[in-house]
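# Coordinate inspection notes
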Amino acid sequence: MSESLTYAGAGVDVHKANALVESIKKIAKQTNRPGVMGSIGGFGGLFSPNLSSMEKPVLVSSTDGVGTKLNIAFQMGKHDTVGIDLVGMCVNDIAVQGAEPLFFLDYISMGHLDTGIAKAIIEGVAEGCRQARCALIGGETAEMPGMYGPGEYDLAGFAVGAVDDHKIVDGSEIHVGHKIVGIASTGLHSNGFSLVRKICFEKMKLTVESHVPEFGKTLGEELLTPTRIYSDLMQGMLKSIKVDGFAHITGGGLDENIIRVIPNACKAVLKKDSWEIPPVFSWLKEAGNVADAEMMRTFNNGIGLAVVVPEEYAQALLDMLEAMNVNAWLIGEIDTREDGAPQVEWV
């Protein structure tokens, strides 16, 4: 008589997954905000938003992942910060349109469910949600034997927010004379890690445990620094400053992200050396012999968020950010663009 096969025998432990859900319920509850209904574990997350203060509410959504930065977490065996990256990459993208983040869902996929790793990841997601003031209302943990190596996994996130139709920040009011303020990143955030790993591990032959004097910490500690979440800061700016454009500086750098919010008839004139560049970027440039243009289109180089404001509001914004101990600099301005000319000019 042939052996009776089971799902568990094929590598999927349903009982372990159910136990993890119970742990996640407690973690998610810490992110609750008005509107959350029920708890983790249903077929779908329930959220009842109070949008009575908005004349014409518009929902804004975004999805993203963490990319090959996860490889650093695998090497270090440290999984409690990549969840912050996951939230940051999603909520920053909806916040630049003026949206207040409402709720978040995550997706974790691994070969064999390691509840310790999964719980650490979700604790990071919850911390990111607390920073963004949004609720973790659901997600999925998939066990997929044969798809990943031991200790490996992939992440995806999904954020939903809301903004009043007439308050959407879309760059349509940007014109010649507007100023561009750059707000500091916390480092690499979650972009360019394929190049980072090539430089650090293939060319320099370092490990995540290697101490780098320029960083004052190990290479792994520097590379795992979480993405800065700007959504709460943006909401504060919109309450007191006339902001006509936000750009989240991710893959493509300033060159490719600032143009997403600037009208075609305009160009961004950006000033080289107008902000403090964190040591990690200078180190990578030298270690990898990376050209300036390649650095600018691969990394954020110290500017994680660009804010475009009318000239008369620029100093007020800088003063407000200084009072909040947020590093920011005047990094450029908006000028007329000639037909066929690039939308970004460096001076």
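Anyway, here's the lowdown on the structure attached to this text. For clarity, every value in this text was computed on a predicted model and none was experimentally measured. (Residues numbered from 1 in each chain as written. Predicted model: local features only at pLDDT ≥ 70, side-chain atom pairs only at ≥ 80, totals over all residues. Heavy atoms only, no water.)

## Side note on the overall build of the protein
Our working rule: Only DSSP runs of H or I with at least four residues qualify as helices, and only runs of E with at least two residues qualify as strands; both kinds are numbered from the N terminus onward. Radius of gyration here is computed from C-alpha atoms only, and the compact-globule reference equals 2.2 Å multiplied by the residue count raised to the power 0.38. Only protein chains enter the area calculation, which uses a 1.4 Å probe; residues under 20% of their type maximum are buried, those over 50% are exposed, and those in between are partly exposed. Whether two residues are in contact is decided by their heavy atoms: any pair within 4.5 Å suffices. For the area figures, the Shrake-Rupley method with a 1.4 Å probe applies, and any residue is considered shielded solely by the protein chains shown. Counting rule applied: Lys, Arg positive; Asp, Glu negative; His and chain ends not counted. For the purpose of locating charges, the reference atoms are NZ of Lys, CZ of Arg, CG of Asp and CD of Glu.
A count of helical and extended segments in the protein gives 11 helices and 14 strands. Computed over the C-alpha atoms, the radius of gyration of the protein is 22 Å, within 12% of the 20 Å expected from 2.2 N^0.38 for a compact globule of 347 residues. C-alpha extents for the protein along the principal axes are approximately 80 × 55 × 40 Å. Taking all 347 residues of the protein together, the buried fraction comes to 50%. Long-range contacts, defined here as pairs at least 24 residues apart, represent 85% of the contacts in the protein between residues at least 6 apart. Surface exposure of the protein reaches about 16500 Å², of which carbon and sulfur atoms provide 50%. If the 28 positive side-chain charges of the protein are averaged to one point and the 44 negative ones to another, these points end up 2 Å apart.

## Here we look at the pairing of strand β12 (residues 303–309)
Within a regular strand, side chains alternate between the sheet's two faces. The following threshold applies: Following DSSP output, two strands are said to pair if at least two bridges run between them.
Among the seven residues that make up β12, seven are buried, leaving the element largely enclosed by the rest of the structure. In this structure, strand β7 (residues 179–184) lies alongside β12, joined through six bridges in antiparallel fashion. Within β12, the position partnered with Ile183 by the bridge is Leu305. Pairing of strand β10 (residues 245–248) with β12, which is carried by four bridges, proceeds in the antiparallel orientation. Residue pairing in the sheet places Phe246 in a bridge with Val307 of β12.

## Observations concerning the nonpolar core
To keep things clear, this is the line we draw: Residues grouped as a nonpolar core are buried Ala, Val, Leu, Ile, Met, Phe, Trp, Tyr and Cys residues, joined through side-chain atoms within 4.5 Å.
Grouped together as the largest cluster of nonpolar side chains are 57 residues, with contacts concentrated most on Phe104, Tyr153, Leu155, Leu188 and Leu284. By residue number, the principal contributor to this core is helix α4 (residues 115–132), which donates eight residues. Those residues in contact with Leu284, other than ones at most four positions away along the chain, are Leu188, Val196, Ile199, Cys200, Asn289, Val290 and Phe299. Of all hydrophobic cores here, the second largest spans 22 residues; its members include Val169, Met237, Leu305 and Val307.

## Overview of the environment of Glu123
Examined against the element boundaries, Glu123 turns out to sit in helix α4. When residues no more than four places from it in sequence are discounted, the contact partners of Glu123 are Ile27 and Arg130.

## Thoughts on unusual backbone geometry
Positive phi, close to 50°, is recorded for Asn289, a residue that is not glycine. On the secondary structure map, Asn289 appears in the loop between α9 (279–288) and α10 (292–298). At Asn325, a residue that is not glycine, the phi angle is positive and equals roughly 60°. Structurally, Asn325 can be placed in the loop between α11 (311–323) and β13 (328–336). Overall, Asn325 belongs to the exposed group, its relative accessible area being 70%.

## Structural notes on the environment of Ala95
Within the element layout of this structure, Ala95 appears in helix α3 (residues 82–95). Using a relative accessible area of 0% as the deciding quantity, one classes Ala95 as buried. A sequence separation of 139 residues divides Ala95 from Met234, and the C-alpha atoms of the two residues are 6.9 Å apart.

## Focus on α11
Just so we agree on the cut-off: It is the directions from the helix axis to the C-beta atoms whose arc is reported.
Those residues of α11 not exposed but buried are Ala314, Leu317, Leu318, Met320 and Leu321. Angularly, the buried residues of α11 cover 165° about the axis, an arc narrow enough to put them on a single face. Residues of α11 that are exposed and angled more than 90 degrees away from the buried face: Glu312, Glu322 and Ala323. Buried residues in α11 make contact with β7, α7 (231–240), β12 and β13.

## Structural notes on the sheet that holds strand β5 (residues 135–143)
Basically, it comes down to this: Angles run from 0 to 180 degrees between N-to-C directions of axes, and those axes are lines fitted to C-alpha atoms, restricted for helices to the stretch in contact.
The mixed open sheet is built from four strands, whose spatial order is β3-β6-β4-β5. Lying at the two open borders of the sheet, with one neighbouring strand each, are β3 (57–64) and β5. Here the strands of the sheet are splayed against their neighbours by 15° on average, with no regard to which way each runs. Note that β3 and strand β6 (residues 153–164) share eight bridges and pair antiparallel. Residue Pro57 lies in a different strand from β6, and its bridge partner there is Asp164. Relative to β6, α3 is tilted by about 35°, and along the sheet it contacts β3, β4 (100–110) and β6. Across the sheet, α4 lies against β4, β5 and β6, angled at about 165° from β4, the strand it touches most.

## Some thoughts on the pattern of salt bridges
Selection criterion: Within this document, salt bridges are pairs made up of a side-chain nitrogen of Lys or Arg and a carboxyl oxygen of Asp or Glu, the two lying within 4 Å of each other.
Counted by the stated rule, this structure contains 14 salt bridges. With its nearest N and O atoms 3.2 Å apart, the salt bridge here joins Arg130 to Glu127. Of the two residues, Arg130 and Glu127 both sit in helix α4, three residues apart, roughly one turn of that helix. For Arg130, a relative accessible area of 35% puts it in the partly exposed group. Relative accessible area serves as the criterion here: at 29%, Glu127 is assigned to the partly exposed category. Among the ionic contacts, a cluster of salt bridges with common partners joins Glu173, Lys242 and Asp244.

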